[in-house]
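Below, each chain spelled out in residue letters.
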Amino acid sequence: MNGLFQTTRELTVTALPVELEALAPPPLLLPGEQLEHYRALRNAIFADLAPQSAIEWLLAIDVAELYWDIQRYRMLRHKLLETYRQKAVEATLRRIDLVGIDPEFEAEAEAHTLQNALSWRCDPIAAAEIDARLATYGFDQHAITTEVYVQAREVLVLFEGLLNAAQTKRMLLLREIRNQRFGAGPLRRLR
């Protein structure tokens, strides 16, 4: 995702037992994701948790997958905000450029607005010029950011729900590992 996990201290490598490898298949990767990054994250989590039993290993596998999902959701949310920022610039340019335009030229002007918004995203020089132009009409970066959040509010709520659910599950799994380790777990009580 962002690169290999780096730490100042050396992590003890805790290898997944061979008999459990079938229960921990690699994730289906999205474009831009790398299996090495997933494995580095998983190995770091395994080293931190140092599972001691089959149940702890299964819980640790789930924790690693949840951490990967959380990282993925954060990355996707960031990319989503980039896309909505372009749409916000596009909407703001539309407010400036299409006001009072002859209906005969509206389609062509709309195409130019779309092209300008794309140029804003891809070309730093065009972005600076468009930002300056928007500022002359009173649209600063705060106004654009507000437009981003207005347009993306429903999708951001979805991502917030996904993140909260994954973080809650992660905390429950970590608590269960602690319970298993300190003898308070349901499986240990049955013995």
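Structure report, in brief. (Residues numbered from 1 in each chain as written. Predicted model: local features only at pLDDT ≥ 70, side-chain atom pairs only at ≥ 80, totals over all residues. Heavy atoms only, no water.)

**Examining the overall build of the protein chain**
And then number 1: Along the protein chain, the regular secondary structure elements total 6 helices and 0 strands.
And then number 2: Each helix (α) and strand (β) of the protein chain, taken in turn from the N terminus, gives the series α-α-α-α-α-α.
And then number 3: Expressed as a percentage of its 191 residues, the buried residues of the protein chain come to 33%.
And then number 4: Long-range pairs, those at least 24 residues apart, make up 74% of the contacts in the protein chain between residues at least 6 apart in sequence.
And then number 5: Here the protein chain displays about 12100 Å² of accessible surface, and carbon together with sulfur accounts for 58% of that area. (Helix = DSSP H or I, 4+ residues; strand = E, 2+ residues; numbered from the N terminus. Buried < 20%, exposed > 50% of the residue type's maximum accessible area, 1.4 Å probe, protein only. Contact = heavy atoms within 4.5 Å. Areas by Shrake-Rupley, 256 points an atom, 1.4 Å probe, with all protein chains shown as cover.)

**Side note on the packing of helix H2 (residues 54-97) against helix H4 (residues 124-136)**
And then number 1: In contact at an axis separation of 11 Å, H2 and H4 are set at 55° when each is read in the N-to-C sense. By the criterion of interaxial angle, the relationship of H2 to H4 is oblique. Between H2 and H4 the crossing geometry is left-handed. Contacts between H2 and H4 involve Val89, Thr92, Leu93, Ile96 and Asp97 on the former and, on the latter, Ile130, Arg133 and Leu134. (Axes fitted to C-alpha atoms, helices over the stretch in contact; angles between N-to-C directions. Parallel < 35°, antiparallel > 145°, perpendicular 65-115°, else oblique. Left-handed = near helix turned anticlockwise from the far one by under 90°.)

**A closer look at unusual backbone geometry**
And then number 1: For Ala50, which is not glycine, the phi dihedral falls at a positive 45°.
And then number 2: What makes Ala50 partly exposed here is its relative accessible area of 31%.

**So, helix H5 (residues 141-181)**
And then number 1: When the terminal C-alpha atoms of H5 are compared, their 51 Å separation across 41 residues is substantially less than the 60 Å that a helix rising 1.5 Å per residue should span.
And then number 2: Considering bend angle alone, the principal kink of H5 is centred on Arg153 and spans about 70°.
And then number 3: Residues of H5 that are buried include every one of Ile144, Glu147, Val148, Ala152, Leu156, Phe159, Leu163, Ala166, Arg170, Leu173, Ile177 and Gln180, and no others.
And then number 4: Structurally, the start of H5 carries an N-cap: the backbone nitrogen of His142 is 3.2 Å from a side-chain oxygen of Asp140.
And then number 5: Of the residues trailing H5, Gly183 is marked for its positive phi of about 80°. (Expected span 1.5 Å × (residues − 1). Bend = angle between axes of the 7 residues up to and from the residue. Polar contact = N/O pair within 3.5 Å; in protein donor to acceptor, adjacent residues only side chain to side chain.)

**Comments concerning the packing of aromatic side chains**
And then number 1: Here the structure, examined in full by the defined rule, presents 2 aromatic pairs.
And then number 2: On the basis of an interplanar angle of 90° and a centroid distance of 5.3 Å, the ring pair of Tyr38 and Trp68 is categorised as edge-to-face. With Tyr38 in helix H1 (residues 35-49) and Trp68 in helix H2, the pair connects residues that are 30 residues apart, well separated along the chain. The pair formed by Tyr38 and Trp68 is uniform in burial state, with each residue classed as buried.
And then number 3: Here Phe46 and Trp57 contribute two aromatic rings whose centre-to-centre distance is 5.0 Å and whose plane-to-plane angle is 80°, an arrangement assigned as edge-to-face. Of this pair, Phe46 sits in helix H1 while Trp57 sits in helix H2, and the two are 11 residues apart along the sequence. Pair check on accessibility: Phe46 and Trp57 agree, each one buried.
And then number 4: A cation over a ring is seen here: Lys87 above Tyr84, with NZ or CZ 5.4 Å from the ring centre. (Phe/Tyr/Trp six-rings, centres within 6.5 Å; stacked < 30°, edge-to-face > 60°. Lys NZ or Arg CZ within 6 Å of the ring centre and 35° of its normal.)

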